[in-house]
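Structure at a glance
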Amino acid sequence: MPDRKACLQTRCACQTGAAANQRRITMAKDIITASVDAVIIGAGMSGMYMTKRLTDMGLKIQGFEAGGDVGGTWYWNRYPGARVDLESFDYSFSFDNDLQQEWNWTERYAAQPEILSYLSHVADRYDLRPHFKFNTRVNSAKFDDATGRWTVTTEEGDTVDAQFLISAVGVLSKPKPPEIDGLEDFKGKWYHTGQWPHEPVDFTGLRVAQIGTGSSGIQVTPIVAQQASHLTVFQRTPVYCVPTDNYKLTEELLNEVKATYPERRAISRENRYGIPAEFPTTKAFEVSEEERRAKYESAWGEKGHLLAFRMTYADVLADEAANKTVADFLAEKIRSIVKDPEIAERLIPRTYPFGTKRPCLSIAFYEAFNRDNVSLVSLYETPIKRITEKGILLENGEEMEFDAMIFATGYDALTGAILKLNVEGRGGRKLTDKWKDGPQAYMGIATSEFPNLFMLTGPLSPGPLNNMAVSIEQHVEWVADCIQYMRDNDIAVIEAQPGPEREWFDHVQELVGNTLYLKANSWYLGANVPGKPRVFIPYLGGAGGYRAKLDEVSENDYRGFTKTPAKVDA
Ligand code: N01
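All values reported here derive from a predicted model rather than from experimental measurement.

Where helix α9 (residues 261-270) meets helix α18 (residues 542-555), the axes come as close as 5 Å, and the angle between the chain directions of the two elements is 75 degrees. Taken together, the axis directions place α9 and α18 in an arrangement best described as roughly perpendicular. Here S268, R269 and E270 of α9 lie close against α18, whose contacting residues are A543, G544 and R547.

Structural data, given as structure tokens:
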């Protein structure tokens, strides 16, 4: 029996046979020893598009991907109910008009299989898979001061030398173990949403425990509730959920979207959250209570979407009183859906302002608690002591028996996956040491002492605070342009300077200081991972604001970077 903790760390999910399945998808090829222009780590959306851009420029690429195929997040997250919570057609690539015209999304919020087949189509269309070695995890990357090149090795034994190292490892890709003692004693099966098996898991007739109620957990609950004989949801911090008005996309609607893609994409690139909508300028108390209420009803109703409440008024995330008007409205909605008043009260968030932990878009999450076979345990009131052979032992001495457990406990977000690569920069400097008090990254894309390393949607960039598709395209295009600039100007090595890097960090922290975000124990702050430095990691300047700043850097000859020319042979 493999060690389960190790399984979580390696994401092999072998307890359920998923690893064997992955191996069937793509057999590992021979050991690679090569010299290339760039190593790209990760074949999710960012790694795929980066590969396309650099191969179009004629660069030789070696990609490595721990999973058995392309897809990243959408390859791993196969849990029941997994679907995107931004409109599918906006959560997609915009770089090729033919691609966006030929792909027909079927639902407003596409489910995981559809997104994965879209990404598979992208990989086929641009012939990206041959550039990657799958089922292969990078375990170290070292910069050589003398040659100005990176040496990347993998757990499989590959060794590749490259001018550029590009991290495309994703922001929510290192699953966070449950951190509850005794898991190894449990005799039933258990699953983490972020490394779900490839074959369907049937919970029919089982007593199931679900731990965690973030964006993943709230999608799991209603589906598993339909199968399990009993589902017990263990909730630590309640979340704010907005209902999903999901529907099949008609040909007419799709044609309308396709015809207006140029405008949609242009607005998205400038919008605060990377979606095609106007950000409001009106503040919550500049309008009457009736007007405010009507706006909240509309944000909740059929036009509602994940970001609707954050975009009702300009000061929702900056002013406590304004924020409370949204929180009160949502609490009222929870009370109106959940029939048992005690359960409703437990589901209402009270410890942080609305929006400072990521809100969720749900299909019938609250409604699930009206079922006889679903119960809720608040971990604030009844903490877990440990996991046992039979189930879960609570601090109050009660032992609850389960056949299966689902951990929807989230991720070591934003920095976890990149730090796991064991990156060493100039003079053997370890990235883990440099970032021990929190990430330092100039413009959220590069870090001093680590030359020619680019981090796509890296820490201190907006990343997941925006539509990720918009964040990814922006970074990929900026990095491709930077490499082209280096080639055009005979620059061999580019490196962020410590001064501008510190200024960028201060700027990121200054922006968050003007908001309510620091009032929540969120993964944005690293607060969900025991021992992680408490630093606000994403940049809050918005997709448009960030774009302007990053463009300013490139338009000014990559200001804030030191550029070392290629050696000229005598
Ligand atoms: O993870 P989370 P997630 N004991 O960290 C609880 C994106 N995403 O996978 O809040 C008990 O949000 C934890 O409690 P608390 C999206 O950006 C998008 O759900 O730390 N409970 C929380 O309830 C999202 O924000 C989509 O107190 C423990 C839950 O587990 C991000 O991914 C879908 C615990 C973790 O929630 C992460 O979402 C899914 C413990 N030891 C994800 N440890 C869509 O696009 C943690 N928890 C739809």
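Burial analysis of strand β19 (residues 491-496) places 5 of its 6 residues in the buried class, which makes it a mostly covered element. Pairing of β19 with strand β20 (residues 561-565), which is carried by 5 bridges, proceeds in the antiparallel orientation. Pairing of I494 across the sheet is with K563, part of β20.

Right, let's get into the packing of aromatic side chains. The full count for this structure, using the stated rule, is 39 aromatic pairs. Aromatic side chains W504 and Y546 sit 6.1 Å apart centroid to centroid with 50 degrees between the ring planes, which places their arrangement in the tilted category. Highlighted residues: W504 in helix α17 (residues 498-513) and Y546 in helix α18, separated in sequence by 42 residues. For the residue pair W504 and Y546, the accessibility class agrees, reading buried in each case. Grouping aromatic residues by their ring pairs yields a cluster made of Y49, F93, F95, W103, W105, Y118 and Y126. The cationic tip of K295 hangs over the ring face of Y313; the distance from NZ or CZ to the ring centre is 5.2 Å. When the ring centre of Y273 is taken as reference, the NZ or CZ atom of R310 above it lies at 5.6 Å.

With that settled, the discussion passes to the site of the ligand. In the vicinity of the ligand there are 25 residues, among which P178, S216, R236, T237 and K357 approach most closely. At a separation of 3.0 Å, an oxygen atom of the ligand approaches a polar backbone atom of T213. Residue T237 places a side-chain N or O atom 2.5 Å away from an oxygen atom belonging to the ligand. When the ligand sits alone it has 910 Å² of accessible area, and the protein chains cover 89% of it.

By the element assignment, V508 lies in helix α17. Distance from V508 to Y539, taken between C-alpha atoms, is 5.5 Å for residues 31 residues apart in sequence. Once residues lying within four places of it in the same chain are set aside, the contact partners of V508 are L460, F536, I537, P538 and Y539.

Turning our eyes to something else, we now look at the pairing of strand β2 (residues 61-64). Here β2 shows a buried face lined by I61 and G63 and a second buried face lined by Q62 and F64. Pairing analysis gives 4 bridges linking strand β1 (residues 33-41) to β2, with the strands arranged parallel. Residue pairing for β2: V39 is matched across the bridge by Q62. Note on the crossover from β1 through helix α3 (residues 45-56) to β2: the handedness is right-handed. Both β2 and strand β3 (residues 132-133) contribute to a ladder of 2 bridges, which runs parallel. Looking at β3, one finds that G63 is bridged to F132.

It is worth spelling out the sheet that holds strand β16 (residues 404-407) at this point. The parallel open sheet is built from 5 strands, whose spatial order is β7-β16-β8-β9-β12. Two strands in the sheet have a free side with no partner beyond their single neighbour: β7 (189-192) and β12 (374-378). Pairs of neighbouring strands in the sheet enclose a mean axial angle of 20 degrees, with direction left out of account. The sheet contact formed by strand β8 (residues 207-211) and strand β9 (residues 230-235) spans 5 bridges and is parallel.

Criteria and cut-off values
Starting afresh in each chain, residues are numbered from 1 along the sequence in its written order. It should be noted that, the model being predicted, local features are given only for residues of pLDDT at least 70 and side-chain atom pairs only at 80 or more, the latter also being counted only at that level, while totals for whole chains, interfaces and linings use all residues. Heavy atoms throughout the structure, all of them, feed into the side-chain values; hydrogens and water do not. Orientation is described by lines fitted to C-alpha atoms, with helices fitted over the stretch in contact, and by angles between N-to-C directions that extend from 0 to 180 degrees. Labels follow the DSSP assignment, with helices taken as runs of H or I lasting at least four residues and strands as runs of E lasting at least two, numbered in each case from the N terminus. For classification, angles of less than 35 degrees are called roughly parallel, those exceeding 145 degrees roughly antiparallel, those between 65 and 115 degrees roughly perpendicular, and all remaining angles oblique. Contacts are assigned to residue pairs that have any heavy atoms within 4.5 Å of one another. Note on exposure labels: buried denotes an accessible area under 20% of the residue type's maximum, exposed denotes more than 50%, and partly exposed covers the range between, all computed with a 1.4 Å probe on protein chains only. For two strands to be treated as a pair, DSSP must find at least two bridges joining them. Any two rings among Phe, Tyr and Trp, with Trp reduced to its six-membered ring, count as a pair given centres within 6.5 Å; such a pair is stacked if its planes are under 30 degrees apart, edge-to-face if over 60, and tilted if neither. Whether a charge sits over a ring depends on NZ of Lys or CZ of Arg being within 6 Å of the ring centre and within 35 degrees of the ring normal. Neighbouring residues are identified by heavy atoms, a residue being near a molecule or strand if any of them is within 4 Å of it. Polar contacts here mean pairs of N or O atoms no more than 3.5 Å apart (in protein, one a potential hydrogen donor and the other a potential acceptor; neighbouring residues in sequence count only if both atoms are side-chain atoms). Using a 1.4 Å probe, accessible areas were evaluated by the Shrake-Rupley method; residue-level cover was limited to the displayed protein chains. The handedness rule is simple: strands pointing away from the viewer, and a clockwise path from the first strand over the helix to the second, make the crossover right-handed.

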